[in-house]
Amino acid sequence: VKIIVGALHELLDGSCDDETLCRVCAALEEVPGAGRPHDVRVRRVGPTYVIDAHLEIDGTRTVSEADFTVRRAESALEEAFGARTIVTLRVDPVST
């Protein structure tokens, strides 16, 4: 029964455990310029991780600079969870 419940959880797009959430936050916090990650959601669809998160980025940065930071954050998550990881990041500009 445990095996079936675990398999159904993944197949039905269930969210991941706290350890995985911590891994996501740790990877994002290592990216220079990427502020506090929040509203982080991690799901598995079969073998693929689907990660959604908000990042606080200095509101005085240009769009190009913020985009560069987001791309580095996406790469960090793909490195940590595999190249097939689906990442959606939202930028929340903050005052410094």
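You'll find the structure just up there.
Throughout what follows, the structure given in this document is the object of discussion. (Residues numbered from 1 in each chain as written. Predicted model: local features only at pLDDT ≥ 70, side-chain atom pairs only at ≥ 80, totals over all residues. Heavy atoms only, no water.)

What to know about the nonpolar core
In terms of nonpolar packing, the biggest core is built from 20 residues, with V24, L28, V42, I51, L55, L77 and L89 touching the most fellow members. At the level of secondary structure, the elements contributing two or more residues to this core comprise α2 (18-29), β1 (37-45), β2 (48-58), α3 (63-81) and β3 (86-94). Contact partners of L77, with chain neighbours within four places excluded, come to V24, A27, L28, I51, G82, T85, V87 and L89. (Core = buried A, V, L, I, M, F, W, Y, C linked by side-chain atoms within 4.5 Å. Buried < 20%, exposed > 50% of the residue type's maximum accessible area, 1.4 Å probe, protein only. Helix = DSSP H or I, 4+ residues; strand = E, 2+ residues; numbered from the N terminus. Contact = heavy atoms within 4.5 Å.)

Quick look at the side chain of T20
Take T20: it is sitting in helix α2. Setting aside its immediate chain neighbours within four residues, T20 contacts V42, Y49 and F81.

So, α2
The end-to-end C-alpha distance of α2 is 16 Å, a good match for the 16 Å that twelve residues give at a rise of 1.5 Å each. When α2 is considered as a whole, its buried residues turn out to be T20, V24, A27 and L28. All buried residues of α2 project into a common sector of 100° when viewed along the axis, lining one side. Every exposed residue of α2 that faces more than 90 degrees away from the buried side is listed here: D18, E19, C22 and E29. Looking at the buried residues of α2, the elements they touch are β1, β2 and α3. (Expected span 1.5 Å × (residues − 1). Arc of directions from axis to C-beta.)

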